[in-house]
Amino acid sequence: MKASPKSCDIFCRIIDNYGDIGVCWRLAKQLAKEYDLTIRLFVDDLTTAKHLIPSLDTSKIRQTVMQVEIVHWQAQFPSAIPADIVIEAFACELPDSYLQAMTEKQPVWLNLEYLSAESWVDGFHAQISKHPTLPLTKHFFFPGFSENTGGLLQENALIKERQSFQDSAEAQAQFWQKPQIPDAIEPKDKLLKVSLFAYPEAPVTDLLESFTNASRPTLCLLPGNGLINVIEQYFDWSVSENSRITVGNLTLQHVPFLSQTEYDQLLWACDLNFVRGEDSWIRAIWAAKPMIWQPYQQTEQAHLPKLNAFLDLYTHGLPGESKQVVERFHQAWSSGHLATNDWQQISDHLPAIAKQSKKFSDLLAQQTDLASRLVSFCKNPTYPV
């Protein structure tokens, strides 16, 4: 049993726009706030990071934001004494000089992997790898959906805060006033509120065409993402901050880039959330609302087994027809083409999907969260999770 760790260094290279930094920033904040660890977050792209950390000064090499020291990770890496815990996020590869310094201190070295619901994750979680030339051992820490994995990122007060928000009409009304969307306060049965965050490969125009022709009015909210060019071309519409366009039964509104707290609230307030990658995926689960997830597209359709593994969990317990509708829509959304009636079927089954989403979220919330498992593991690396 090791002494309780006092410090943690997290290394993050931003590859997937906001996904990598989104996960790392949430984890850094939680470890600092809830476990009183001294945190350094090394980030290679401060310009992208600033979208999620608005107070970040991109001209500074070092600065502290919300109890986390953020260091600009540049090619010329300065000498640094390693922390008690070293997290190499998503196999980003540590600087050579830092690895050399680790041989003296021998910190707990973790490679934080990408989240997957696939069954093989249970067997690979906490496995070790010896460095080929240095006396160092790396542990592979796999987030996941079972008790035999590293768990999911979930702050201690998150579920309570979400429930309080969703139970309060006043809190929701105040939220909608920020992006100047007063009509979102209308009762659910009059207006379907949808958040749309997706990779450009998704059949976005098929979806918007379905919204336009649907029987129920839909307010589709676009938090700052890579879909703007597709939408501008399709509607011949110049998107600007808080601008909106109405076509048929669809009202499409651009939303300025949101902080992580505000994005969580958007997910909590909408009736259905389209999410992608990892960070928004996890947050949509905690929103306990119907969701459509788009995994990062890989060659030879390698992303589809990941999607199917998640759907097996997400749809477990859904009535047969609703289960088939959810699975079919996800497959279509991740394959690039929606059929004419795909959206209408999702809309028809939304009440059943809503119940299932709440049940699924509540069940996962009972498990030990990722940060807690990570700290426990660092105290005792023979700990099973």
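What you are looking at is a predicted structure, and each value in this text was computed from that prediction instead of being measured.

Analysis parameters
Residues numbered from 1 in each chain as written. Predicted model: local features only at pLDDT ≥ 70, side-chain atom pairs only at ≥ 80, totals over all residues. Heavy atoms only, no water. Axes fitted to C-alpha atoms, helices over the stretch in contact; angles between N-to-C directions. Helix = DSSP H or I, 4+ residues; strand = E, 2+ residues; numbered from the N terminus. Parallel < 35°, antiparallel > 145°, perpendicular 65-115°, else oblique. Contact = heavy atoms within 4.5 Å. Nonpolar A, V, L, I, M, F, W, Y, C, P; charged D, E, K, R; others polar. Disulfide = S-S within 2.5 Å. Buried < 20%, exposed > 50% of the residue type's maximum accessible area, 1.4 Å probe, protein only. Phe/Tyr/Trp six-rings, centres within 6.5 Å; stacked < 30°, edge-to-face > 60°. 1 Å grid on protein atoms, 1.4 Å probe; cavity = no way out; pocket = protein on both sides within 12 Å on 5 of 7 lines; lining within 4 Å. Points joined across faces, edges and corners; volume = space filled by probe spheres on them. Pairing = 2+ DSSP bridges. Core = buried A, V, L, I, M, F, W, Y, C linked by side-chain atoms within 4.5 Å. Lys, Arg positive; Asp, Glu negative; His and termini not counted. Salt bridge = Lys/Arg side-chain N within 4 Å of Asp/Glu carboxyl O. Polar contact = N/O pair within 3.5 Å; in protein donor to acceptor, adjacent residues only side chain to side chain.

Caption draft 1: How the structure looks around the packing of helix H5 (residues 158–166) against helix H10 (residues 279–287). Two elements in contact, H5 and H10, have axes separated by 10 Å at closest approach and are oriented at 60°. Regarding the angle of H5 to H10, the classification is oblique. Between H5 and H10, the contacting residues are Leu158, Ile159, Arg162 and Gln166 on the first element and Arg283, Trp286 and Ala287 on the second. When grouped by side-chain class, the residues that make up the contact of H5 with H10 number four nonpolar, one polar and two charged.

Caption draft 2: Geometry of the state of the cysteines. Taken as a whole and assessed by the stated rule, the structure comprises zero disulfides. Free of any disulfide, Cys8 has its nearest neighbouring cysteine sulfur in Cys378, separated by 7.2 Å. For Cys8, a relative accessible area of 0% translates into the label buried.

Caption draft 3: Inspection of the packing of aromatic side chains at higher detail. This model, assessed by the stated rule, comprises 29 aromatic pairs. Relative to Tyr114, the ring of Phe90 has its centre 4.3 Å away and its plane inclined at 15°; by these criteria the two rings are stacked. Note that Phe90 is positioned in the loop between strand E5 (85–89) and helix H3 (96–105) and Tyr114 in the loop between strand E6 (108–112) and helix H4 (120–124), a separation of 24 residues in sequence. Tyr114 sits in the partly exposed class, given a relative accessible area of 39%. Ring geometry for Trp281 and Trp293: centres 3.7 Å apart, planes at 10°, overall stacked.

Caption draft 4: Here's a closer look at empty space enclosed by the protein. Applying the stated criterion across every chain yields a total of four cavities of 30 Å³ or more. A volume near 50 Å³ is recorded for the second largest cavity. Tallied by class, the residues present in the lining of the second largest cavity amount to eight nonpolar, no polar and two charged.

Caption draft 5: Just the layout of surface pockets, in detail. What the largest pocket holds in volume is close to 590 Å³. Lys29, Lys33, Met66, Glu155 and Thr261 are, among the 24 residues lining the largest pocket, the residues nearest its centre. Listing elements by their share of the lining of the largest pocket, those giving two or more residues are helix H1 (19–35), H5 and helix H9 (260–269). With six residues, the top contributor of residues to the lining of the largest pocket is H1. When the residues that make up the lining of the largest pocket are grouped by side-chain class, the tally is eight nonpolar, eight polar and eight charged.

Caption draft 6: View of H9. Here H9 lies mainly inside the structure; eight of its 10 residues are buried. Looking only at H9, the buried set comprises Gln260, Tyr263, Asp264, Gln265, Leu266, Leu267, Trp268 and Ala269.

Caption draft 7: View of the sheet that holds strand E7 (residues 128–130). One open sheet holds the eight strands; their spatial order is E3-E4-E2-E1-E5-E6-E8-E7, and the pairing between them is mixed. Both outer strands of the open sheet, strand E3 (62–65) and E7, are each paired with one neighbouring strand and no more. Strand after strand, the sheet turns through a mean of 25° between neighbouring axes, direction not considered. Here E7 runs beside strand E8 (residues 137–141); their pairing, made up of three bridges, is antiparallel.

Caption draft 8: Summary view of the sheet that holds strand E14 (residues 291–294). If you trace the six strands from one edge of the open sheet to the other, you get E11-E12-E10-E9-E13-E14, paired in mixed fashion. A strand with exactly one partner marks an edge of an open sheet, and here the two such strands are strand E11 (244–247) and E14. The sheet shows a mean angle of 15° between the axes of neighbouring strands, direction not considered. When E11 meets strand E12 (residues 250–255), the two strands line up antiparallel, connected through four bridges. Of the residues in E12, the one forming a bridge with Thr246 is Thr251.

Caption draft 9: Looking closely at the nonpolar core. With 75 residues, the main nonpolar core has Phe145, Leu196, Leu208, Leu252, Phe274, Phe310 and Trp333 as its most contacted residues. Listed in part, the 40 residues of the second largest apolar core include Ile70, Ala126, Leu374 and Phe377.

Caption draft 10: Region of interest: the side chain of His349. Here His349 shows up in the loop between helix H13 (342–348) and helix H14 (350–365). Not counting chain neighbours up to four residues away, the residues in contact with His349 comprise Glu321, Ser322 and Val325.

Caption draft 11: Structural view of the side chain of Asp369. By secondary structure assignment, the location of Asp369 is in the loop between H14 and helix H15 (370–379). Put simply, Asp369 is tucked away with no salt bridge, and the nearest opposite charge, on Arg373, sits 7.2 Å away. Polar side-chain contacts of Asp369 include one of 3.1 Å to the backbone nitrogen of Ala371. A distance of 3.2 Å separates a polar side-chain atom of Asp369 from the backbone nitrogen of Ser372. Beyond its immediate sequence surroundings of up to four residues, Asp369 is in contact with Gln30, Tyr35, Gly150, Leu152, Gln154 and Asn156.

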